[in-house]
Amino acid sequence: MPFADKMSAFAPSVFVRLEKELDALRAEGREIIDLSVGTPDFPPAGHIMDVLRDCASDPDMYKYAIRDYNELTDAAVRWYKRRYGVSLERENICGLTGSQDALAHLPLALLNPGDTALLPDPGYPMFRTGVLLANAEIYTTPLYEEGGFLPDLEAIPRDVAQRAKLLFISYPANPIGRLAPDGFFERAARFAKKHGIIVLHDNAYSELTFDGRLGGSFLSAPGAMEVGVELNSLSKSYNLTGARISFAVGRADVVAALARMKSNIDYGIFRPVQRMAVAALDGPQDSLDALRAAYQSRRDALCGALAQEGWHIEKPEGTMFCWAKLPEYAPDSGEFALNLLRATGVVVVPGISFGDLGNRYVRIALTQTEERIRAACEKIGRHLRQLTMNN
Ligand SMILES: Cc1ncc(COP(=O)(O)O)c(C=O)c1O
């Protein structure tokens, strides 16, 4: 069957490939410790799950939603005001079936074939997917450790900046675990205004930050509302990954274009999920402190245990991931992750999945208990010792 040419750009995701390998190991009865995919192992708060239970017996809840409930939009307005001091109108908000929804459909609404989008390397793979679906061109902005893992916007050639229509940024950053330093969002907004670019700030990990620091909103930077939209997901903040609920928030005409595109594709967010989101946004927020503390404690357990094994990695400032630079004697990320899996049953994601600059890193998710994380580190340590002996 001759499928579309663009299918060649869409290999099965790294997680699908890992699953195949895992199935084989499970069939051999091997123990697996999965530190790959970023889906929280914590439950949603009780008051959020109660809403779903109450909705379940109401037949109205199973109809197409078509649009966002006003209660949902208003709850998001209140949340943005409380959390970031950002004032929004209803026209600045569009509900999403997860941020993936906007990552796929916003480029379709903004980009013509051949237009240019600026993407980080390393960066979340879905940024690329959306741009490729729109048949647009990708220009990668490298994120180097020595540059604080920030894009050097001034280094983008003038002709590229002039023809670019969309800039992707994302802090707290998956996979690198850094927060945006003071002034970065302002610089991005100024750059976008100068060149007539729309900024898409993916704030998927907005609440998962450590050491007392809080993440910010791109929209709180001066001028940002004129040039950008931000995605704020409930997946990780409220442990609702499977429920699929998030928001695009920002410049009204861009949000309206996204909503128009989506209205031709989906029929809205499952009504009970909209109700759950209202409960999450308006309800008690103490679960966020507990969540931050739990991930931070896992982060410290992971970094501490790896250091005991002789592998010293940077502590992330946020997200649910450690971005671990491979020791010099280790092979590149794909081979390292595969060998580690086969030798130990520990699953990590090869950094190459996030771009060429990730090839000397692996991403380790903090999605297991501290006990399991420590057990994984012991196994990793044994694997590293084996590697040094073979060298
Ligand atoms: C950077 C980033 N953006 C978006 C998503 C997807 O978020 P959602 O569950 O809201 O679709 C993820 C999920 O891992 C992510 O890491």
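Residues numbered from 1 in each chain as written. Predicted model: local features only at pLDDT ≥ 70, side-chain atom pairs only at ≥ 80, totals over all residues.

Colleague: Please explain the overall build of the protein as it appears in this structure.
Modeller: Helices and strands together make up the secondary structure of the protein, namely 14 helices and 12 strands. What you see for the protein is a C-alpha radius of gyration of 21 Å, in line with the 21 Å of a compact globule of 391 residues. In terms of principal-axis extent, the alpha carbons of the protein reach across some 60 × 55 × 55 Å. Taken over 391 residues, the protein has a buried fraction of 45%. Long-range pairs, those at least 24 residues apart, make up 75% of the contacts in the protein with a sequence separation of at least 6. (Helix = DSSP H or I, 4+ residues; strand = E, 2+ residues; numbered from the N terminus. Rg over C-alpha atoms; globule rule 2.2 N^0.38 Å. Buried ≥ 20, exposed ≤ 12 C-beta atoms within 10 Å, placed from the backbone. Contact = placed C-beta atoms within 7 Å.)

Colleague: Looking at this structure, I do not really get the packing of helix 4 (residues 99-110) against helix 10 (residues 252-263). What am I missing?
Modeller: Working note: a packed helix pair is described by the angle between its axes plus the distance between those axes. Between helix 4 and helix 10, whose axes approach to 9 Å, the crossing angle comes to 105°. The orientation of helix 4 with respect to helix 10, classified from their angle, is roughly perpendicular. Contacts from Asp101, Ala102, His105, Leu106, Leu108 and Ala109 of helix 4 reach helix 10 at Ala257, Leu258, Met261 and Lys262. In terms of residue class, the contact of helix 4 with helix 10 is made up of 7 nonpolar, 1 polar and 2 charged. (Axes fitted to C-alpha atoms, helices over the stretch in contact; angles between N-to-C directions. Parallel < 35°, antiparallel > 145°, perpendicular 65-115°, else oblique. Nonpolar A, V, L, I, M, F, W, Y, C, P; charged D, E, K, R; others polar.)

Colleague: Help me understand the nonpolar core, please; the structure alone is not making it clear to me.
Modeller: In summary, soluble globular proteins display a tendency toward joint burial of nonpolar side chains. Ranked by size, the top nonpolar core spans 111 residues in total, and within it Leu166, Leu167, Val199 and Ala248 carry the most contacts. Counting residues per element, this core draws most heavily on helix 3 (residues 70-84), at 6 residues. The two domains that each donate at least three residues to this core are domain 1 (5-43 + 286-390) and domain 2 (58-282). For leucine 167, the contacting residues outside a window of four places in its chain are Leu118, Ala188, Ala192, Ile197 and Val199. (Core = buried A, V, L, I, M, F, W, Y, C linked by C-beta atoms within 7 Å. Domains from an automatic or database assignment.)

Colleague: Can you help me understand the domain arrangement of the protein in this one?
Modeller: For interface size, the figure often reported is the accessible area lost on association. Annotation of the protein at the domain level lists domain 1 (5-43 + 286-390) and domain 2 (58-282). Between domain 1 and domain 2, the residue contacts involve 29 residues of the former and 27 residues of the latter. Within the residue set of the side of domain 1 that touches domain 2, elements represented by two or more residues are helix 12 (286-308) and strand 9 (321-325). With 6 residues, helix 12 is the single largest residue contributor to the side of domain 1 that touches domain 2. Across the side of domain 1 that touches domain 2, the residue classes break down as 14 nonpolar, 9 polar and 6 charged.

Colleague: Just checking my understanding: could you explain the pairing of strand 8 (residues 246-250) for this structure?
Modeller: Every other side chain in a regular strand lies on the same face of the sheet, so the side chains alternate between the two faces. With 5 of its 5 residues buried, strand 8 lies for the most part within the structure. With burial as the criterion, each face of strand 8 is covered, one bearing Ser246, Ala248 and Gly250 and the other bearing Phe247 and Val249. Here strand 2 (residues 93-96) pairs with strand 8 via 4 bridges, running antiparallel. Note that in strand 8 the partner of glycine 95 across the bridge is phenylalanine 247. Pairing between strand 7 (residues 228-233) and strand 8: 5 bridges, direction antiparallel. Bridge pairing links glutamate 230 to valine 249 in strand 8. (Pairing = 2+ DSSP bridges.)

Colleague: Looking at this model, I keep getting lost on the sheet that holds strand 12 (residues 361-365). Mind explaining?
Modeller: Strand order in the open sheet formed by 3 strands is 9-12-11, with antiparallel pairing between adjacent strands. Bordering the open sheet on either side are strand 9 and strand 11 (349-350), each of which pairs with just one other strand. Taken together, the 5 bridges between strand 9 and strand 12 define a ladder with antiparallel strand orientation. Note on strand 12: the bridge partner recorded for phenylalanine 321 is alanine 365.

Colleague: Explain helix 12 to me, please; I cannot follow it from the model alone.
Modeller: Because an α-helix completes one turn every 3.6 residues, residues spaced three or four positions apart along the sequence face the same direction. Spanning 23 residues, helix 12 covers 33 Å between terminal C-alpha atoms, matching the ideal 33 Å at 1.5 Å per step. Every buried residue of helix 12 is listed here: Ser287, Leu291, Tyr295, Arg298, Arg299, Leu302, Cys303 and Leu306. Summarising the contacts, the buried residues of helix 12 are in contact with strand 9, strand 12 and helix 14 (370-390). Glycine 310 occupies a position one or two residues after helix 12 and carries a positive phi of about 95°. (Expected span 1.5 Å × (residues − 1).)

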